[in-house]
Amino acid sequence: MNDKDLSQQAKEYFAQIRKTDRLINRLDSTIATLRSSLTSTGSQLKQDKVQTSGPKNTLEETITKIIDLEADINRRIDELVSMKQEAFTMINRIPDLDQQNILIGRYIQLKKWEDISEELNYSMQWVFELHGKGLLAFAKANSDFLNNRENQSATASKQSKESVE
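Model, not experiment: these values are computed from the prediction.

Our next topic: the pattern of salt bridges. Applying the stated criterion across every chain, the model contains five salt bridges. Of the charged contacts in the structure, one is a salt bridge between Arg-76 and Asp-72, with a shortest N-O distance of 3.2 Å. Placement of the pair is Arg-76 and Asp-72 together in helix α2 (residues 59-91), with a separation of four residues, close to one helical turn. Taking the shortest distance from any N to any O, the salt bridge between Glu-129 and Lys-133 comes out at 3.6 Å.

Structure representation (structure tokens):
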């Protein structure tokens, strides 16, 4: 495996943290929308009750959806915390502290490049260079883990395809 492939493997590992964080934010936004719909329908709840045969979207159903989504978010937050702890432990295997700082800032704290550059007082170009070296060092320091993860992913993908057929 060449250096570019190793760096890409590390990026794919870190991408799971960002994807999980984004999903949590989207689910949280969905909850906010559902809660807002509860308050906006408040005046409609006092109207005379009329039986209809159409779909029922009751207050109870909405509250149940909110509770279920909150439970899902809490599970995903626990998963995200575990992922970040695991990534932090693996990043600490890199000997260069600047590379560690950049990887932690970018992939655990989910900071923008500009913020990392400013915090470290480095040019963006130097941050990008250290980031690339850090990804490579990360992939080499954790090659067994990343290769096992890649093999598990390939096996799961193959099993998924077989179950569809």
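Let us now look at the nonpolar core. Counting residues in hydrophobic clusters, the biggest one holds 29 residues, and the most contacted among them are Tyr-13, Phe-14, Ile-17, Ile-91, Leu-103 and Phe-138. Those elements that place two or more of their residues in this core are α1 (3-40), α2, α3 (97-108) and α5 (124-141). The element that contributes the greatest number of residues to this core is α1, accounting for 10 residues. For Phe-138, the residues in contact, after removing those within four places along its chain, are Ala-10, Tyr-13, Phe-14, Ala-87, Met-90, Ile-91, Ile-94, Leu-103 and Leu-146. Ile-102, Ile-116, Val-127 and Leu-130 belong to the second largest nonpolar core, which has five residues in total.

With that settled, consider the packing of aromatic side chains. This model, assessed by the stated rule, comprises six aromatic pairs. Grouped by ring-pair contacts, the aromatic residues Tyr-13, Phe-14, Tyr-107, Phe-138 and Phe-145 constitute a single cluster.

Our next topic: the packing of α1 against α5. Interaxial distance between α1 and α5 falls to 8 Å at its minimum, and their mutual angle equals 85°. One way to sum up the angle between α1 and α5 is to call them roughly perpendicular. On the side of α1, the interface is formed by Asp-3, Leu-6, Ser-7, Ala-10, Lys-11, Tyr-13 and Phe-14, while α5 contributes His-131, Gly-132, Leu-135, Leu-136, Phe-138, Ala-139 and Lys-140. Residues belonging to the contact of α1 with α5 are distributed by class as follows: eight nonpolar, three polar and three charged.

Below, the discussion takes up a nonpolar patch on the surface. On the surface, Leu-59, Ile-63 and Ile-67 cluster together to form a nonpolar patch covering roughly 250 Å² of accessible area. Mapped onto the secondary structure, Ile-63 falls in helix α2.

As a further point, take α5. The terminal C-alpha atoms of α5, which comprises 18 residues, lie 25 Å apart, in line with the 26 Å expected from a rise of 1.5 Å per residue. Among the residues of α5, Val-127, Leu-130, His-131, Gly-134, Leu-135, Leu-136, Phe-138 and Ala-139 are the ones counted as buried.

Right, let's get into unusual backbone geometry. For residues besides glycine, phi is generally negative; the peptide bonds are generally trans as well. One non-glycine residue with positive phi stands out, namely Leu-110, at about 55°. Here Asn-121, not a glycine, exhibits a phi torsion of approximately 60°, which is positive. Here Asn-121 shows up in the loop between α4 (113-120) and α5.

So, on to the side chain of Thr-20. When you line up the elements, Thr-20 lands in helix α1. Overall, Thr-20 belongs to the buried group, its relative accessible area being 10%. Once residues within four sequence positions are removed from consideration, Thr-20 is found in contact with Arg-76, Glu-79, Leu-80 and Met-83.

About the criteria used
Residues numbered from 1 in each chain as written. Predicted model: local features only at pLDDT ≥ 70, side-chain atom pairs only at ≥ 80, totals over all residues. Heavy atoms only, no water. Salt bridge = Lys/Arg side-chain N within 4 Å of Asp/Glu carboxyl O. Helix = DSSP H or I, 4+ residues; strand = E, 2+ residues; numbered from the N terminus. Core = buried A, V, L, I, M, F, W, Y, C linked by side-chain atoms within 4.5 Å. Buried < 20%, exposed > 50% of the residue type's maximum accessible area, 1.4 Å probe, protein only. Contact = heavy atoms within 4.5 Å. Phe/Tyr/Trp six-rings, centres within 6.5 Å; stacked < 30°, edge-to-face > 60°. Axes fitted to C-alpha atoms, helices over the stretch in contact; angles between N-to-C directions. Parallel < 35°, antiparallel > 145°, perpendicular 65-115°, else oblique. Nonpolar A, V, L, I, M, F, W, Y, C, P; charged D, E, K, R; others polar. Patch = residues over 30% accessible without salt bridge, like charges linked within 9 Å, V, L, I, M, F, W, Y side chains within 5 Å. Areas by Shrake-Rupley, 256 points an atom, 1.4 Å probe, with all protein chains shown as cover. Expected span 1.5 Å × (residues − 1).

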